[in-house]
Amino acid sequence: GERKPHKAVSFLLAAHQVHEGLAVYRRAGLLRDATALARVRLGDEDEATIQLWREWAATLEAQGAIAQAAAAFLRAGAPSEAVEALLRRADPPPSAAKAGRTITAPAGGLERALWAPTALAIARKFQVRELAAIEKRCTLLIRREWRARPSVVTWTL
C-alpha cells in the first residue's frame with residue numbers, strides 16, 4: 001500500500017507521541033519535516049532536535065548543499081563540524097576518492113577556495129578548537145588556488 005507518513009504522524013501527535021512521529025519521519029527519509037516537528041514540539045535545546053539537525057546536516061552535505069549543511073551544523077551547536085564541512089568542500093582530501101566517498105565540489109579550484117573564508121569566520125566566531133591550524137589551512141588553500149589562476153589583467157599597448 002501507499003506510505004502516508006504525514007497522516008501517520010498526525011495520528012501519533014494526536015496521541016501525544018512526538019518521538020514516535022519523529023521516528024516515522026526518519027524512516028520515510030523526511031528529515032526536514034522531522035526537524036521542523038521536533039523544533040515546534042520539543043524545542044531547540046532538546047537532544048532529539050539537536051540530533052535531527054546533525055542528521056539533516058550530514059544529508060545536505062552529501063547532496064552538495066554545503067551552505068545549508070553548515071547552517072544545520074550550527075543549529076545543532078556543532079560549529080567545528082560546520083567548519084570541517086566547508087573545508088571538505090573547499091579542499092577535498094585525496095583519501096576521499098580512495099575511500100569511495102563522493103564529494104561534490106565546483107570544478108574550479110578558486111571557486112572551491114571561496115568556502116575557506118566562511119569556514120574561517122565561523123571558526124573565529126565560535127572559538128573552535130585548533131583555530132590556528134584552521135587559519136593556516138585556509139590561508140594555504142587560498143594562496144595555492146590564487147597562484148594557480150592565470151592573471152585576469154591583460155595589458156594592451
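Residues numbered from 1 in each chain as written. Predicted model: local features only at pLDDT ≥ 70, side-chain atom pairs only at ≥ 80, totals over all residues. Heavy atoms only, no water.

### Observations concerning the overall build of the protein chain
Logical step 1: The helix and strand tally for the protein chain stands at 10 helices and 0 strands.
Logical step 2: Going from N to C terminus, the protein chain has its helices and strands arranged as α-α-α-α-α-α-α-α-α-α.
Logical step 3: Pairs at least 24 apart in sequence give 46% of the contacts found in the protein chain among residues at least 6 apart.
Logical step 4: Surface exposure of the protein chain reaches about 10100 Å², of which carbon and sulfur atoms provide 55%. (Helix = DSSP H or I, 4+ residues; strand = E, 2+ residues; numbered from the N terminus. Contact = heavy atoms within 4.5 Å. Areas by Shrake-Rupley, 256 points an atom, 1.4 Å probe, with all protein chains shown as cover.)

### Considering the nonpolar core
Logical step 1: Counting 43 residues, the largest nonpolar core has Leu22, Val83, Leu87 and Ile134 as the members making the most contacts within it.
Logical step 2: At 7 residues, helix α4 (residues 47–62) tops the list of elements feeding residues into this core.
Logical step 3: Excluding residues within four positions of it along the chain, Val83 makes contact with Ala119, Ile122, Ala123 and Ile134. (Core = buried A, V, L, I, M, F, W, Y, C linked by side-chain atoms within 4.5 Å. Buried < 20%, exposed > 50% of the residue type's maximum accessible area, 1.4 Å probe, protein only.)

### Structural notes on helix α9 (residues 115–125)
Logical step 1: Taken together, the buried positions of α9 are Ala116, Ala119, Leu120, Ile122 and Ala123. Down the axis of α9, the smallest arc covering the buried residues is 165°, so these residues share one side.
Logical step 2: Two residues or fewer after α9 comes Gln127, characterised by a positive phi angle close to 50°. (Arc of directions from axis to C-beta.)

### Observations regarding the pattern of salt bridges
Logical step 1: What the rule picks out here adds up to 7 salt bridges.
Logical step 2: For Glu61, the salt bridge identified is with Arg88, shortest N-O distance 2.8 Å. Here the residue Glu61 occupies a position in helix α4, and Arg88 occupies one in helix α6 (residues 79–90), the gap between them amounting to 27 residues.
Logical step 3: By sharing partners, the salt bridges in this structure join Arg39, Asp44 and Arg75 into a single network. (Salt bridge = Lys/Arg side-chain N within 4 Å of Asp/Glu carboxyl O.)

### Topic: the confidence of the model for the protein chain
Logical step 1: The share of residues in the protein chain with pLDDT of 70 or more is 80%, and the mean pLDDT across the chain is 85.
Logical step 2: Every residue in residues 101–107 scores below 50 in pLDDT, and together they form 14 contacts with partners more than four places removed in sequence or on other chains. (pLDDT = per-residue confidence, 0-100.)

### Quick notes on α6
Logical step 1: End to end, α6 covers 16 Å across 12 residues, agreeing with the expected 16 Å (1.5 Å per residue, within 8%).
Logical step 2: Burial in α6 covers these residues: Pro79, Ala82, Val83, Ala85, Leu86, Leu87, Arg89 and Ala90. (Expected span 1.5 Å × (residues − 1).)

### A few points about unusual backbone geometry
Logical step 1: Notably, His16 is not glycine yet its phi reads approximately 60°, a positive angle.
Logical step 2: Residue placement: His16 occurs in the loop between α1 (5–14) and α2 (18–27).
Logical step 3: In this structure His16 comes out as exposed when scored by relative accessible area, which is 69%.
Logical step 4: Phi is positive for Gln127, close to 50°, though the residue is something other than glycine.

### Things to note about the packing of α4 against helix α5 (residues 66–75)
When two helices pack together, their arrangement is given by the angle between the helix axes and the distance between those axes.
Logical step 1: One way to put it is that α4 packs onto α5 with a least axis distance of 8 Å and a crossing angle of 165°. Between α4 and α5, the crossing angle belongs to the class labelled roughly antiparallel. Both α4 and α5 take part in a crossing whose hand is left-handed. Listed contacts from α5 to Trp53, Arg54, Ala57, Ala58, Leu60 and Glu61 of α4 are Ile66, Gln68, Ala69, Ala72, Phe73 and Arg75.
Logical step 2: Class assignment for the residues of the contact of α4 with α5 results in 8 nonpolar, 1 polar and 3 charged. (Axes fitted to C-alpha atoms, helices over the stretch in contact; angles between N-to-C directions. Parallel < 35°, antiparallel > 145°, perpendicular 65-115°, else oblique. Left-handed = near helix turned anticlockwise from the far one by under 90°. Nonpolar A, V, L, I, M, F, W, Y, C, P; charged D, E, K, R; others polar.)

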